[in-house]
Amino acid sequence: MSNKKPSLDVAVIGAGFAGLYMLHKLRAMGFRTRVFEAADDVGGTWYWNRYPGARCDVESMQYSYSFSEDLQQEWTWTERFATQPEILRYINHVADRFGLRSDIQFKTRIDAARFDEGGSFWRLTTGGGESIDASYCIMATGCLSNARIPDLRGLADFRGAIFHTGSWPHEGVDFAGKRVGVIGTGSSGIQVIPEMAKQAKHLYVFQRTPNFTVPARNAPLTQSEVANWKGNYAEHRRFAREATRSGTIYDFAKTSALLASEEERAHEYSARWKKGGANFMHAFNDLLTDERANDTAAEFVRERIREIVKDPTLAEALSPRDYPIFTKRICVDTDYYETFNRPNVSLINLRKTPIETIVENGARTAESLIELDAIIFATGFDAITGALDAIDISGREGKQLREKWRSGPRSYLGLMSAGFPNLFTVTGPGSPSVLSNVIVSIEQHVDWIADCLEHLRSRNLAFIEPTVSAEDRWVEHVNEVANSTLYPRAASWYMGANIPGKARVFMPYIGVDKYRQICRDVVSAGYDGFILAPNASSLQPSMTNPLQIETNFD
Ligand code: N01
């Protein structure tokens, strides 16, 4: 075994919200840390998703870091739901304020990460062929960062312009006078479609599955709203972390939809619809667990669609009917359904008339040729595992992570995976990640990982890895929790269902409050379910923790 120390203590991959805070934290603790980022600047998802209409669907006063009181007091959000440019300005402000850029290597894509058992460190290889060695490797690669264009027949023949919402040109695009097709009606499609309808000569929306969306009712924030948040930030943040399942504060109902009368339900749904935002999904406490309760919310939204969209056939085509509302991420829009009343917007219902082929001047469906100058793919991401799978990660005995995860990701707490010592994932599969206010989840993971590295350092331990049995128990628990809800009923990206051939496994953990407690319990029980060792040779393939205390997840 080589005694040469790797050049870095910690290599962090990704300079989005997760990577930046990780760097800030570890550097302050004296770890030699460097961040590697494929883009030429910070921002992660907010760097890439620059399409017209891009906004966050979590309210801006909650979608921000809490780790610095000065930061949260000095930054002022201008709107209830921040635009992508404003969020990117915020991230840049954070990078500058904490002097982070000097430790970020931009334009550097990590292609491979191998655990070198002889030397017991991680060796990263960049797209440019550079090698970097680090004792610990932290994947801050994001859950929605691997944009995906479906393999449509004839796409290479198309002579017009092709875009993906998740990788939008920085210089912007002028669509005036153009015939534009948007494929996909998820959160990105629902945001870009109303904006594109204003710009394009004609907009064709290619819809495979209609989506539920609620109005944002976005507005400038008033001084008193901002003051209320800033004056009570500590309490608001505590409540979001410890008392909510989503890490976001909503007006959580405590009663069942089925115990309310029809009038009471209509009143509650209408009030929330008027107020706007994802608060709608918390109108009753059984909407995600009881199908009959769920149906009442779904029908309320379908009624609104019929009310807004003038053509009844079109309204029906836009009405989701084959999965429970909220089991795909609820969309939050500005004038989405209204957009279909415009004379320059046509809906192409792919369920009735699928695209047979793309041709050089458009898309040919079973019914007609639709001539297009541009196609915008709003077709989403290889979510949660895609960015990790894109890196050739191999752990002990050369075992590949993507092979291990072929039938679905296996991790302990969404933080580490057995066989991959000293490799952490921020908001990895099996953690609340995308089913939470992701910044709340990022901060918790970063703090947990930093505390763990300090624990190792202070005890002269260099290695940590979960046991296989702890991982098995966790994966089972994640599934049990999911199966007690309606979530697995939708063919969603939470289930990997949007990627042909991907295993259909529910990937995120439901419940921020409970999850945080479990993570604390694991630490209090002496890192229950992990092996901590002074050297790599003490990490044995199927070893279960001899001191297993078995943290109770239930
Ligand atoms: O992606 P999606 P997204 N032919 O996967 C369709 C976050 N986000 O980028 O449902 C035709 O949700 C697909 O149809 P179907 C947020 O977490 C947040 O919109 O598979 N259509 C679907 O309609 C969100 O959930 C914000 O039948 C095809 C669409 O493309 C996540 O990112 C904004 C197709 C993909 O929807 C992902 O959202 C934006 C094909 N071959 C994103 N393949 C905010 O904060 C796919 N589709 C507001």
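Bear in mind that the values here come from a model prediction, so they are computed numbers and not experimental data. (Residues numbered from 1 in each chain as written. Predicted model: local features only at pLDDT ≥ 70, side-chain atom pairs only at ≥ 80, totals over all residues. Heavy atoms only, no water.)

## Observations regarding the sheet that holds strand 16 (residues 374-377)
Part 1 of the argument: Sheet architecture is open: five strands sit in the order 7-16-8-9-12, paired in parallel fashion. The open sheet terminates on both sides in strands that have one partner only, identified here as strand 7 (161-164) and strand 12 (345-349). Sheet twist, expressed as the average angle between the axes of neighbouring strands with direction ignored, equals 20°.
Part 2 of the argument: Two elements, strand 9 (residues 202-207) and strand 12, share five bridges in a ladder whose sense is parallel. Its bridge partner being in strand 12, Tyr 204 is matched across the sheet by Ser 346. (Pairing = 2+ DSSP bridges. Helix = DSSP H or I, 4+ residues; strand = E, 2+ residues; numbered from the N terminus. Axes fitted to C-alpha atoms, helices over the stretch in contact; angles between N-to-C directions.)

## Remarks on the layout of surface pockets
Part 1 of the argument: Here the second largest pocket defines a volume of roughly 590 Å³.
Part 2 of the argument: Around the second largest pocket, the lining comprises 33 residues; the ones closest to its centre are Ser 246, Met 281, His 282, Leu 288 and Tyr 487.
Part 3 of the argument: Here the lining of the second largest pocket is built from residues that sort into 18 nonpolar, nine polar and six charged.
Part 4 of the argument: Here the lining of the second largest pocket gathers at least three residues from each of two domains, domain 1 (8-146 + 383-538) and domain 2 (161-207 + 329-380). (1 Å grid on protein atoms, 1.4 Å probe; cavity = no way out; pocket = protein on both sides within 12 Å on 5 of 7 lines; lining within 4 Å. Points joined across faces, edges and corners; volume = space filled by probe spheres on them. Nonpolar A, V, L, I, M, F, W, Y, C, P; charged D, E, K, R; others polar. Domains from an automatic or database assignment.)

## Thoughts on the sheet that holds strand 15 (residues 369-371)
Backbone-to-backbone hydrogen bonds join strands into a sheet, with any given pair of strands oriented parallel or antiparallel.
Part 1 of the argument: Spatially, the three strands line up as an open sheet ordered 13-14-15, and their pairing is antiparallel. A single partner strand is all that each edge strand has here, and the edge strands are strand 13 (355-359) and strand 15. Neighbour-to-neighbour, the strand axes of the sheet open up by a mean angle of 20°, direction not taken into account.
Part 2 of the argument: One ladder, built from three bridges, connects strand 14 (residues 362-365) with strand 15; its direction is antiparallel.

Function-wise, these values are silent; they only describe arrangement.
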